[in-house]
Amino acid sequence: MNKRSLYHCVNPDITIDIDAYIDAETGDLVIEGYDIGPRVGEAWGDSDYEYWLRIGRDDKPALYNSLSTDQHCDPVQLDGRLLDLVVENFSNNRAVSLLEEHCKVHQVPAKFSSYV
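Residues numbered from 1 in each chain as written. Predicted model: local features only at pLDDT ≥ 70, side-chain atom pairs only at ≥ 80, totals over all residues. Heavy atoms only, no water.

Asks: Even after reading the chapter, I still don't get the packing of aromatic side chains, so can you show me in this structure?
Replies: The geometry of two aromatic rings is summed up by the distance between their centres and the angle between their planes. By the definition in use, this model includes 2 aromatic pairs. For the ring pair Trp 44 and Tyr 49, a centre distance of 4.6 Å and an interplane angle of 15° mean the geometry is stacked. Residue Trp 44 is classed as partly exposed on the basis of its relative accessible area, which comes to 47%. Clustering of aromatic rings is evident, with ring pairs tying together Trp 44, Tyr 49 and Tyr 51. (Phe/Tyr/Trp six-rings, centres within 6.5 Å; stacked < 30°, edge-to-face > 60°. Buried < 20%, exposed > 50% of the residue type's maximum accessible area, 1.4 Å probe, protein only.)

In structure tokens:
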């Protein structure tokens, strides 16, 4: 798995990690976040919060086209170039919500899930 870090922050009251990768089994693009610490417990009643956004294998070309001026990506290079674009455009603590909003605006199907 070629995982790319979109955000990493360590504070006394919260640690946040957000990564992007291609799921080896499904081919989906996954943006995965994990928050842990006392601040998470105050907000959610548990000390950790996991959340992720999945863009299906068949929808990755549409996402690529919405992020790139190069509309014709070689399918062999699509995953690596898409990960590069996600890093370039969404490397911050709001990566999951911003990418989800981007997908809505550009009509790219995306599924958000979370676990507390």
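The discussion continues.
Asks: How should I be thinking about the pattern of salt bridges in this particular structure?
Replies: If charged atoms from side chains of opposite charge come close, those side chains can pair. Counted under the stated rule, the structure contains 8 salt bridges. The salt bridge involving Arg 57 is made with Asp 58; its shortest N-O contact spans 3.6 Å. For Lys 60, the salt bridge is made with Asp 79, and the minimal N-O distance between the two is 2.6 Å. Of this pair, Lys 60 sits in helix H2 (residues 60–67) while Asp 79 sits in helix H3 (residues 78–90), and the two are 19 residues apart along the sequence. Its relative accessible area of 4% is what places Lys 60 among the buried residues. One network of salt bridges, with partners in common, ties together Asp 23, Asp 28 and Arg 54. (Salt bridge = Lys/Arg side-chain N within 4 Å of Asp/Glu carboxyl O. Helix = DSSP H or I, 4+ residues; strand = E, 2+ residues; numbered from the N terminus.)

Asks: Got a minute to help me understand the packing of H2 against helix H4 (residues 95–105) in this structure?
Replies: Axes are the key here: two packed helices are described by the angle between their axes and the distance separating the axes. Here H2 crosses H4 at 95°, and the two axes come no closer than 11 Å. Of the possible angle classes, the one that applies to H2 and H4 is roughly perpendicular. Contacts from Leu 63, Ser 66 and Leu 67 of H2 reach H4 at Leu 99, His 102 and Cys 103. When the residues that make up the contact of H2 with H4 are grouped by side-chain class, the tally is 4 nonpolar, 2 polar and no charged. (Axes fitted to C-alpha atoms, helices over the stretch in contact; angles between N-to-C directions. Parallel < 35°, antiparallel > 145°, perpendicular 65-115°, else oblique. Contact = heavy atoms within 4.5 Å. Nonpolar A, V, L, I, M, F, W, Y, C, P; charged D, E, K, R; others polar.)

Asks: For this particular structure, what's the right way to read the sheet that holds strand S1 (residues 4–10)?
Replies: Two strands in a sheet stick together by hydrogen bonds in their backbones, pointing the same way (parallel) or opposite ways (antiparallel). Strand order in the open sheet formed by 5 strands is S1-S2-S3-S4-S5, and the pairing between neighbours is antiparallel. Across the chains shown, the open sheet's two edge strands, defined by having one partner strand only, are S1 and strand S5 (111–115). Averaged over all pairs of adjacent strands, the angle between their axes in this sheet comes to 10°, without regard to strand direction. Where strand S2 (residues 15–22) lies against strand S3 (residues 29–36), 8 bridges are found, and the strand directions are antiparallel. Note on S3: the bridge partner recorded for Ile 16 is Asp 35. (Pairing = 2+ DSSP bridges.)

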